[in-house]
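Structure at a glance
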Amino acid sequence: MASAYPLEEHCLISKGLYSIVNDIVGSKCKVKIKQQTYELIDTIWSCDTSLPLTNICSGSMAEGFDFESSDFDFMQIDRNIVVLHGISSHVFDTSDIPTVLCMETDNIAPGFALLRFIRHDYRKLEYPNCLVVRGNSVYFSSKIARESHLASRNRRIHGPCSTGVFINGQENDAAYTLKSQIWPTRAESFIYRSLRYGWPSLDVLTDICKDGCLFVPIHSKQQTDNELIDLEWRISFSLAEKKLIHSMNHCQFLCYGLMKIFLNEVLKKIPETGELLCSYFMKTAVFCEISENPYNWTPSNFMEKTWNVFRRIMNWVFVEYCPNYFIPEHNMFFGKIYGIHQRNLMLRLRTLYDEGYLCFLRCSSLYGKLSVVINQPFLVNFLPTNEDDNSRIGELQRVASIALCSALGLPSKDDPFETLWTTACLIPTSDVMAATIRLRVNYIFQSIALALHSDSCNRRLTANKISYQSINTCQSILCRTKTTLYSNEVYSAVCLYRNGNYKKTLETIRCIKEKLQRQSYMYMWNLDRDVILGCRQQGMTYDMIIKTYVINFYKYRPETSIEELYMESHACVETSGGDLTIPPLVFLHFLLFLSLSRLYGTDVAHDVLCELQALVNYEYGHHIFFPFKAISWEILGICQQICGDYHGAYQSYVNALNDKCNGFKEATIARICSLFSY
């Protein structure tokens, strides 16, 4: 890229671009905390060993980005299957794994494989209909696995993934995945390149190879044999890619961020060719640039390094060949960028290239500040920076990270004690992880207490025995396992309500509401940085801050939910496999309304209904976080229906149904249908 500016001004513009991208993507401290958060989520998820599938975060949010377009995806790895290949079939002990597969790559396109059964336990296969006989061997069908995974949830297909689970109001992809602990032979060139160029470091390279690779159910575009198309699996290096991104220095990470911005705001908006390039190609180009030139990445040459990545993309489009970073023989442009599409895209890229770094002005998020920097480079020294605020941002992000990770989905009902033991045995590597483990253990204890109460109720014992066996046990556990502000009191109120002790439920809820009026508190999604910094200066630990000041959502499953929300909690499990999550203030009003209705009738509970109606109708963002507006409308509709206001209930149910974050639509539709029976 020829520069029309002297070297000094060129360096200043490069520093200015670095500073602007840093403000958009986030400071080094902020990015690292995000990355560590998702690493911690993976660790917490892996502790629930009773589940057949374990989740691993992927997507740009797990990489450390927080754009509006950032996605939170995850790979669902089958614990009961292990994939071997080559000599590993004789080296590794797989006696404790029910199903063992062998990878076959002969006469298969690079980056893909067939998975042949060595042995299998039909009873423990997640999708037993995936066995396909070919010749004298039995293979695992990728097509049937993908379709079965799609059918198991209310989702739609998206490549090898199923889409339709809502996280924070956004759709995400979930891919059924198999894992091999062995690094594939076809990707050995990656190891040699890494050792030759010195990136990644030997420690990171060792961790990557230990993690092995994944297999996702999608076939190669090069495959022409109709029989093999349904059997091919793509070798995925998502785990390795995440480790590589987390090992980048901040300048390298911002280069990747800038290329994602340029892709979303410029390249994807080009008519006819906008959908040809994707972020994975950008990631691969950044990997290749860092691998070949791993040193001397600084703000002064940030623009030059980014331009090298852009030129690399152009060269790949010109030759119609984009090599997979781990298996270079795999051309990721095959069947996508060729012929007229290639020529049109090349013309558009050449136009951008001729503009030089001025083409970055096409990015709407960069234009304002970058135009000033280009016209007056010496103003770079006066650009505001967020580096001085790192300690304040860091404390806020750490508390948010702990609150998020510790409150992940409830442990499996099959063996919560195994999950408890695995979690308690984790060795913390930081203060954040230690605080997360302590809170997570308390969450599991609370889940166990609610499950014990449900089991006692389901046995249909006498009221006295229920009171003795469940209430006393639950209260004993809950009073010792505080997770967030008043969480144990709320769950105690739920147990009391389920047991029919409505007066005691009323006393508990009114006591909580009075305390909330007297004490300052904050929601997990709206943390107060000044309060957190003040607490830290007083020497409070992160988990103590959360227990004292933070209010979190309340989560329920069908077996622990109250009767009035059984339909919604069951629909959540059927749709997304997740828990029913309710804003705290909405749930308190709901429980208060139900208890008053049970004791004194709906007329006495009318004032509480009016408060709930005002809360749901006019509150948005503070007390009710936007992804959970749907359940708030649903609860309001249930209360209105109980009171006989069927028209109001209908409007509330319709609002819930139209909410894009509604993960229990089947229940909402059933509620609407029930109105027409009156």
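Here's a quick rundown of the structure. Quick caveat: nothing in here was measured; it's all calculated off a predicted structure.

This part takes up the overall build of the protein. For the protein, the count of helices and strands is 28 helices and 16 strands. When burial is assessed residue by residue, the protein has 56% of its 678 residues classed as buried. Sequence-distant contacts in the protein: of pairs separated by 6 or more residues, those separated by 24 or more amount to 69%. Per element, the accessible surface of the protein, about 29,800 Å² overall, is 52% carbon and sulfur.

Moving on, we come to the pattern of salt bridges. Opposite charge on two side chains lets them pair, provided their charged atoms get close. Going through the model one piece at a time under the given rule, you end up with 16 salt bridges. The partner of Arg 312 in a salt bridge is Glu 289, with the nearest N and O atoms 2.9 Å apart. One end of the pair, Arg 312, is in helix 12 (residues 302-319); the other, Glu 289, is in helix 11 (residues 279-292), and 23 residues separate them in sequence. Residues Arg 312 and Glu 289 agree in their burial class; the two are buried. Across the pair Asp 354 and Arg 350 runs a salt bridge, and its minimum N-O distance is 3.2 Å. Of this pair, Asp 354 and Arg 350 both sit in helix 13 (residues 339-354), four residues apart, which is roughly one turn of that helix. Residue class for Arg 350 comes out partly exposed when judged on its relative accessible area of 42%.

Moving on: the nonpolar core. Membership of the largest hydrophobic core comes to 98 residues, with the highest contact counts inside it found for Ile 562, Leu 565, Phe 587 and Ile 635. What Phe 587 contacts, discounting residues up to four positions off in sequence, is Val 490, Val 494, Tyr 554, Tyr 556, Ile 562, Leu 565 and Ile 582. By size, the runner-up hydrophobic cluster in this structure holds 95 residues, among which are Ala 113, Ile 191, Cys 213 and Phe 237.

In this section: the pairing of strand 2 (residues 73-78). Of all six residues making up strand 2, six are buried, and the element is well covered by its neighbours. By the alternation rule, side chains of strand 2 split into Asp 73, Met 75 and Ile 77 and Phe 74, Gln 76 and Asp 78, which are all buried. In terms of strand pairing, strand 1 (residues 53-58) meets strand 2 through six bridges, oriented antiparallel. By the bridge assignment, Cys 57 is partnered in strand 2 with Phe 74.

Its location among the elements puts Val 616 in helix 25 (residues 606-618). Between the C-alpha atoms of Val 616 and Leu 636, which are 20 residues apart in sequence, the distance is 7.5 Å. With near-sequence residues (within four places) excluded, Val 616 lies in contact with Ile 624, Lys 629, Ser 632, Trp 633 and Leu 636.

Next up on the list: a nonpolar patch on the surface. Nonpolar side chains collect at one region of the surface, where Phe 318, Val 319 and Tyr 321 lie side by side and expose about 300 Å² of accessible area between them. Within the secondary structure, Phe 318 is located in helix 12. Taking relative accessible area as the criterion, Phe 318 reaches 56% and is therefore assigned exposed.

Bringing unusual backbone geometry into the picture now. Of all residues except glycine, most have a negative phi; of all peptide bonds, most are trans. Cis geometry is adopted by the peptide bond preceding Pro 200, which originates at Trp 199 and carries an omega value of 0°. Positioned with a positive phi, Tyr 486 is a non-glycine residue whose angle comes to about 60°. Take Tyr 486: it is sitting in the loop between helix 18 (463-478) and helix 19 (487-498). The exposure class of Tyr 486 is buried, given its relative accessible area of 8%.

Moving on: the side chain of Asn 552. Locating Asn 552 in the fold gives a position in the loop between strand 14 (550-551) and strand 15 (554-556). Using a relative accessible area of 4% as the deciding quantity, one classes Asn 552 as buried. Looking at Asn 552, its side chain comes within polar contact range of the side chain of Tyr 443, at 3.2 Å. Among all residues touching Asn 552, those that are not within four sequence positions of it are Ala 403, Ala 407, Tyr 443, Thr 484, Met 524 and Pro 584.

Attention shifts here to helix 20 (residues 502-518). For helix 20, with 17 residues, the first-to-last C-alpha span of 25 Å sits near the 24 Å given by 1.5 Å per residue. Along helix 20, the residues classified as buried are Tyr 502, Thr 505, Leu 506, Thr 508, Ile 509, Ile 512, Lys 513 and Leu 516. An end-on view of helix 20 places all buried positions within 165° of arc, on one side of the element. Residues Lys 503 and Arg 518 are exposed on helix 20 and point more than 90 degrees away from its buried face. The inward-facing, buried residues of helix 20 contact helix 19, strand 14, helix 24 (584-600) and helix 25.

The description of two packed helices rests on the angle between their axes and on the distance between the axes. Put simply, helix 12 and helix 13 touch, their axes get as near as 9 Å, and they point 155° apart. Classified by the angle between their axes, helix 12 and helix 13 sit roughly antiparallel to one another. In this structure, helix 12 meets helix 13 at a crossing whose hand is left-handed. For the pair helix 12 and helix 13, the contacting residues are Trp 307, Phe 310, Arg 311, Met 314, Val 317 and Phe 318 in the first and Gln 342, Leu 345, Met 346, Leu 349, Arg 350, Leu 352 and Tyr 353 in the second. Class assignment of the residues belonging to the contact of helix 12 with helix 13 gives a composition of ten nonpolar, one polar and two charged.

So, about the environment of Lys 283. By secondary structure assignment, the location of Lys 283 is in helix 11. The exposure class of Lys 283 is buried, given its relative accessible area of 9%. Sequence separation of Lys 283 and Lys 260 is 23 residues, and the distance between their C-alpha atoms is 8.5 Å. In this structure Lys 283 touches Glu 63, Glu 241, Ile 245 and Tyr 256, once residues within four positions along its chain are discounted. Polar contacts involving the side chain of Lys 283 include one to the side chain of Glu 63, which spans 3.0 Å.

All chains considered together, the criterion is met by 29 aromatic pairs. With 5.2 Å between their ring centres and 55° between their planes, Phe 140 and Trp 233 make a pair best called tilted. Taken together, the residues Phe 140 in strand 7 (residues 137-140) and Trp 233 in strand 12 (residues 232-236) connect sequence positions 93 residues apart. For Phe 140, a relative accessible area of 1% puts it in the buried group. Three or more aromatic residues joined by ring pairs make a cluster, and in this case those are Trp 183, Phe 190, Trp 199, Phe 237, Phe 287, Tyr 325 and Phe 326. The positively charged end of Lys 260 is found above the aromatic ring belonging to Phe 65, 5.5 Å away from the centroid. A cation sits over an aromatic face here: Arg 536 above Tyr 542, 3.9 Å from the ring centre.

A word on the environment of Cys 57. By the element assignment, Cys 57 lies in strand 1. According to the relative accessible area criterion, Cys 57 is buried, its value standing at 2%. Sequence-distant contacts of Cys 57, that is, excluding residues within four places in its chain, are made with Tyr 38, Ile 41, Asp 42, Trp 45, Ala 62, Phe 72, Asp 73, Phe 74 and Lys 242.

Here we take up the side chain of Ser 141. Along the polypeptide, Ser 141 turns up in the loop between strand 7 and helix 5 (142-151). Of note is the side chain of Ser 141, whose polar atom sits 3.5 Å from the backbone nitrogen of Lys 143. Not counting chain neighbours up to four residues away, the residues in contact with Ser 141 comprise Cys 130, Val 132, Asp 230, Leu 231 and Trp 233.

The rules behind the values
Residues numbered from 1 in each chain as written. Predicted model: local features only at pLDDT ≥ 70, side-chain atom pairs only at ≥ 80, totals over all residues. Heavy atoms only, no water. Helix = DSSP H or I, 4+ residues; strand = E, 2+ residues; numbered from the N terminus. Buried < 20%, exposed > 50% of the residue type's maximum accessible area, 1.4 Å probe, protein only. Contact = heavy atoms within 4.5 Å. Areas by Shrake-Rupley, 256 points an atom, 1.4 Å probe, with all protein chains shown as cover. Salt bridge = Lys/Arg side-chain N within 4 Å of Asp/Glu carboxyl O. Core = buried A, V, L, I, M, F, W, Y, C linked by side-chain atoms within 4.5 Å. Pairing = 2+ DSSP bridges. Patch = residues over 30% accessible without salt bridge, like charges linked within 9 Å, V, L, I, M, F, W, Y side chains within 5 Å. Polar contact = N/O pair within 3.5 Å; in protein donor to acceptor, adjacent residues only side chain to side chain. Expected span 1.5 Å × (residues − 1). Arc of directions from axis to C-beta. Axes fitted to C-alpha atoms, helices over the stretch in contact; angles between N-to-C directions. Parallel < 35°, antiparallel > 145°, perpendicular 65-115°, else oblique. Left-handed = near helix turned anticlockwise from the far one by under 90°. Nonpolar A, V, L, I, M, F, W, Y, C, P; charged D, E, K, R; others polar. Phe/Tyr/Trp six-rings, centres within 6.5 Å; stacked < 30°, edge-to-face > 60°. Lys NZ or Arg CZ within 6 Å of the ring centre and 35° of its normal.

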